[in-house]
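Examining the three-dimensional arrangement
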Amino acid sequence: MQRYQPQILTHLHQIETFVYDFIVKMTEILYERKEEVMKSQYYQKLARDVDDLYRDISKNDAVANIKKFYGMLKSFLARKLSEMDDLVPVWRVGPAWVASLWEEVKGLEVAQLVRIRVDEMMAKISWLVEYTNLDETIQEILVLLYTQGSNLYSQTVLQASARHQSAKTKFIFDSDKGIISLEQKLPMPMAAFNETPDFQRLPEYESFTKWQEVLRSSKSSLARIVQEQWWRSMGGPYAWLPPFDGHAMIVFPEYISTFDGLSFKLGLPSAIMGSCSYVLVADLVDANFSVALEVQRSQNKTIHNIFVTAGHNTIVIDLEQKGLRDPKRGNQLLNLPLQTPNLRAFLQDMELVVQSPKGVTVSCHILHHICQFHVSGWYSRKVGGLLGTMDEEHSTDRTASSGRRDLDLVDVVNSWQFGDDTTVASTCNARLSPSLVVVREEGGDGAFSKAVSICQKMYRRPTSSLQPCFATVNTDPFYEMCLMGVGKEGTDLCTSVMAYLTACKDTTGGGVLLKTPSMCVKCEMNGEEMMDRDMKVISSPPPGSPPFLSTDVVFIVEAKECNRAFRMRRKIDTLAKHIEEQLQENHFKQNRYAVVLFGGDGVLEKPRIVVQAKEVFTTASNVGKHLASLPTGTNGSRDILAGIDFALQHLNFRPGASKTLILFPCSSCQPQDMTTVDYADLYYSMVEKSATLHVFLDEPFPTDNKNLAKKIFGIDTGSVFTKADAPSLQSNNNTRGLKANINSRRQVKVPKSLLGYCAPLALQTNGSIFTTKKLQNRQDNMFSTVFGDRVARTASPSACQTCYCSSAGVECFDCEYPRYESRLEEDEEDELSESDLIGPNSSSSSSGDNNLGLDDVNSDSEESEENDD
């Protein structure tokens, strides 16, 4: 490079000289001909245009100028494009045979078809540009780039100096010359000697804040413009291809939002008596399903029931009793989950859900009385009722039952009233007076002004937590609902907020997930009210509660053939009875029991909570009823970890109480079947929440000692439990307790082919593994006693728990994270998992003679077996 440096510098000097001379010559020419140039008509026209341009720019602000000149540029381009038709084609000035050939090509049918298609495409492009307001969007983007770009790229000399400053430390120490010098440069400018340098003046920080200002959430942000103009028109990637599912909503007692977005109030008169029924949505072509609303008025109380019918099956959603009913059985509530040939019903996250394979789902929140209606997109233009026709047109939602499109909303709504001719007149004496939702103007008395202020913060301001959904779901109906409910101690206000969250979540474009505002989050723990993100540290038992321990026991049952024996209530009742007895012996009181089913067919394809008489948690004496009619299948999911995670996340556990999970799997818990929940995530979640897992093996324990295999009940990390433990537990002497058969434990291994991930998950959470084979024979009493005592030994809750209030309720975690201390043998760990076992594992709680050998176990077991026989 150094060889060519003289030549490069020479050429650069020549270029510089040429440019300088050229500028000088042009300046001299213009100076000599100044008067001639200034008298030229072209110069005078240019001067007038520049003067007019300057005056025009000076008179208006930058935003107006951008919009004005953008319009001028668009008009200029449109004019020039239109003038292109007047140009003489090249083939007309060429040889005659070229023009003749072109005329023949134009006469071909293919050429004419191409021209028609091109015209149609151009017409569609013009319509798309007009429909998406592309013209206005470009103008807003240009304005945004100007306003934000001027702040982003403008900088002062000091700012540039600070950016290129090299903040390095220089230290010189020369003892021979007697020099000690230290130069420490600051990374940020120092405004004065008496002020501390401000880190906010760092160039990197200032650059970050400028970009943050560009991307801030406001009405003029680029993201907001794209969301409003493009995303709203296209509906998101999930809505690009048909069929488009329909989503409607009713917020009781009177707000209705149809499938196509029409919002109105039902207008139920206060003088209504008896019962009135109205069609909400029905398949008018094939009669596959229908959903109806029944309104009853009695003793100054209005009751709303929703009838869901598919085929010959009907289920009633009773919002008053917060349950589901079969109209043929009267007021008796149904047990959940429920499956009929045409309907499925279950409870999930405080919502009663009724769905049909025919394409309709109805879900109602039992606290806020918000009901959602989902209809498959294949029923577009095939349905009718108060919820509209589901054809993406607002006007057709005013279609009466006769098929006539009436502009009078009152006549349209009342036309969908139905019933027997002999009963409607006698039981329903009311005529609805519906009205469209109209947002009231601001102003009014002090109470209304307060309502406007509160609701504006929620639905009108860009700083609202609901703002990400403003461009997707219209806020006017919910804003009006908010205005009506502010004066009622916030109840209806939060109902409107929950309704808006639900509408955003169920939009066609994939949904917008929003956080529940803090003002609508309240929790209760031990009689004390908590607000959103409140934190309390409690001990076990919590202060102010009775001086005893308590646990929540959850039976997690895979609904497959191996667990069909649970239909015989005696087995599960025996097991629950002995678990409760052993818990009572260990000072556990007020224990609760629940059941979660998963892995079956139909409604049990996903994990479901069993509900008996509106109760999720029950007592030990009633838990058998939860499994009295266990439906089983063969083709259900094998994702056992998903069932465990569902129980851990969706059940309302008590603060201060321990969590005891008892798993009855039929599948082998293999890694390839775990598709939704990661093992490590579930393990850490169980550890944080002090959950203990006990697993029942559907086969006998594999061991080379056949004598031991006949007598073994279960194992944990360090012990084997056999029949020999039962007599000591059933006695009342001081030696009562389980024996730690450590020597025998080394002979029992659990291959991965039997329990896969479930075995290490149980042992690492201080749980155990037992076999159901002993529960199904005459040894069920002894077996249940031993298992119950093993459950009680590790059911003690954490001594310290930190509880938080959130939209999901009160969640409690251990104050300290426990450490893992493995007690497994090396070969045992290899048998349980391919990877290293992770997580905490407290020491075994079994007590007794640690030196008990295998011969002692066998002799004790044989003696117990003889007594049993």
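Residues numbered from 1 in each chain as written. Predicted model: local features only at pLDDT ≥ 70, side-chain atom pairs only at ≥ 80, totals over all residues. Heavy atoms only, no water.

1. Thoughts on the nonpolar core
Of all hydrophobic cores here, the largest spans 97 residues; its most connected members are Ile306, Ile317, Phe373, Ile644 and Ile769. Among the elements that line this core, the one with the most residues is helix H18 (residues 640-650), at 7 residues. Setting aside residues no more than four positions away along its own chain, Ile317 makes contact with His304, Asn305, Ile306, Val308, Gly323, Leu324, Leu352, Val354, Val362 and Cys364. (Core = buried A, V, L, I, M, F, W, Y, C linked by side-chain atoms within 4.5 Å. Buried < 20%, exposed > 50% of the residue type's maximum accessible area, 1.4 Å probe, protein only. Helix = DSSP H or I, 4+ residues; strand = E, 2+ residues; numbered from the N terminus. Contact = heavy atoms within 4.5 Å.)

2. Section: the pairing of strand S8 (residues 301-310)
Pairing between S8 and strand S9 (residues 313-318): 6 bridges, direction antiparallel. Within S9, the position partnered with Val308 by the bridge is Ile315. Taking the residues between adjacent antiparallel strands as the criterion, S8 and S9 are bridged by 2 residues, where Gly311 takes a positive phi near 65°. (Pairing = 2+ DSSP bridges.)

3. A look at the packing of helix H5 (residues 96-107) against helix H6 (residues 109-131)
Between two packed helices, what matters for the description is the angle formed by their axes and the separation of those axes. Between H5 and H6, the least distance of the axes is 5 Å, while the angle of their chain directions is 70°. Regarding the angle of H5 to H6, the classification is roughly perpendicular. Of the residues in H6, those touching H5 at Val105, Lys106 and Gly107 are Glu109, Ala111 and Gln112. For the contact of H5 with H6, the per-class residue count stands at 2 nonpolar, 2 polar and 2 charged. (Axes fitted to C-alpha atoms, helices over the stretch in contact; angles between N-to-C directions. Parallel < 35°, antiparallel > 145°, perpendicular 65-115°, else oblique. Nonpolar A, V, L, I, M, F, W, Y, C, P; charged D, E, K, R; others polar.)

4. Description of the environment of Ile180
Tracing the sequence through the fold places Ile180 in strand S2 (residues 179-184). The residues touching Ile180, leaving out its near neighbours within four places in the chain, are Phe171, Ile172 and Phe173.

5. A few points about the pairing of strand S23 (residues 592-598)
When you tally the buried positions in S23, you get 6 out of 7 residues, the bulk of the element. Sheet topology note: the strand S22 (residues 551-558)/S23 ladder contains 7 bridges and is parallel. Pairing of Asp552 across the sheet is with Arg592, part of S23.

6. Brief notes about the confidence of the model for the protein chain
Put simply, the protein chain has an average pLDDT of 77, and 75% of its residues get 70 or more. For the stretch residues 421-426, pLDDT sits under 50, and the model shows 4 contacts to residues farther than four places along the chain or on other chains. Low pLDDT, under 50, characterises residues 487-491; the stretch is placed with 1 contact to residues that sit more than four places away or in other chains. (pLDDT = per-residue confidence, 0-100.)

7. Concerning H6
The end-to-end C-alpha distance of H6 is 33 Å, a good match for the 33 Å that 23 residues give at a rise of 1.5 Å each. In the segment just after H6, Asn133 is the residue with positive phi, at about 55°. (Expected span 1.5 Å × (residues − 1).)

8. A closer look at the state of the cysteines
Evaluated as defined, the whole model comprises 9 disulfides. Here Cys562 is linked by a disulfide to Cys666, with a sulfur-sulfur distance of 1.7 Å. The sign of the S-S torsion, about -90°, decides the handedness of the disulfide formed by Cys562 and Cys666: left-handed. A residue pair is termed long-range when its members are at least 10 positions apart, and Cys562 in the loop between S22 and helix H16 (569-585) and Cys666 in the loop between strand S25 (658-664) and helix H19 (679-688) qualify at 104 residues. Using a relative accessible area of 23% as the deciding quantity, one classes Cys562 as partly exposed. Each disulfide pairs two cysteine sulfurs, and for Cys800 the partner residue is Cys815, the sulfurs being separated by 2.1 Å. (Disulfide = S-S within 2.5 Å.)

9. Some points on the environment of Leu493
Relative to the elements of secondary structure, Leu493 occurs in helix H15 (residues 491-505). Taking relative accessible area as the criterion, Leu493 reaches 3% and is therefore assigned buried. C-alpha separation for the pair Leu493 and Tyr479, spaced 14 residues apart in sequence, amounts to 9.2 Å.

10. Quick notes on the pattern of salt bridges
Enumeration according to the criterion identifies 15 salt bridges in this entry. Across the salt bridge formed by Glu558 and Lys560, the nearest N and O atoms sit 2.9 Å from each other. Its relative accessible area of 0% is what places Glu558 among the buried residues. With relative accessibility at 9%, the residue Lys560 sits in the buried group. With its nearest N and O atoms 2.8 Å apart, the salt bridge here joins Asp789 to Arg793. Pair noted here: Asp789 and Arg793 are both in helix H25 (residues 780-793), with a separation of 4 residues, about one helical turn. Within this structure, Lys515, Asp532 and Arg533 form a network of salt bridges that share partners. (Salt bridge = Lys/Arg side-chain N within 4 Å of Asp/Glu carboxyl O.)

11. Topic: the packing of aromatic side chains
Tallying each qualifying case throughout the model produces 18 aromatic pairs. Taking 5.7 Å as the distance between ring centres and 85° as the angle between the ring planes, the aromatic pair formed by Tyr459 and Tyr500 counts as edge-to-face. A residue pair is termed long-range when its members are at least 10 positions apart, and Tyr459 in helix H13 (residues 446-459) and Tyr500 in helix H15 qualify at 41 residues. Tyr500 carries the same exposure label as Tyr459, and that label is buried. Ring centres 6.2 Å apart and planes at 65° place the aromatic pair Phe617 and Phe653 in the edge-to-face group. In this pair, Phe617 is assigned in the loop between strand S24 (608-609) and helix H17 (623-626) and Phe653 in the loop between H18 and S25, connecting sequence segments 36 residues apart. Neither Phe617 nor Phe653 differs from the other in exposure class; each is buried. Taken together, the aromatic side chains of Phe555, Tyr593, Phe664, Phe696, Phe713, Phe721, Phe770, Phe783 and Phe787 make up a single cluster linked through ring pairs. Above the ring of Tyr479, the side-chain terminus of Arg460 is found at 4.1 Å from the ring centroid. Over the aromatic face of Phe617 sits the side chain of Arg592, whose NZ or CZ is 3.8 Å from the ring centroid. (Phe/Tyr/Trp six-rings, centres within 6.5 Å; stacked < 30°, edge-to-face > 60°. Lys NZ or Arg CZ within 6 Å of the ring centre and 35° of its normal.)

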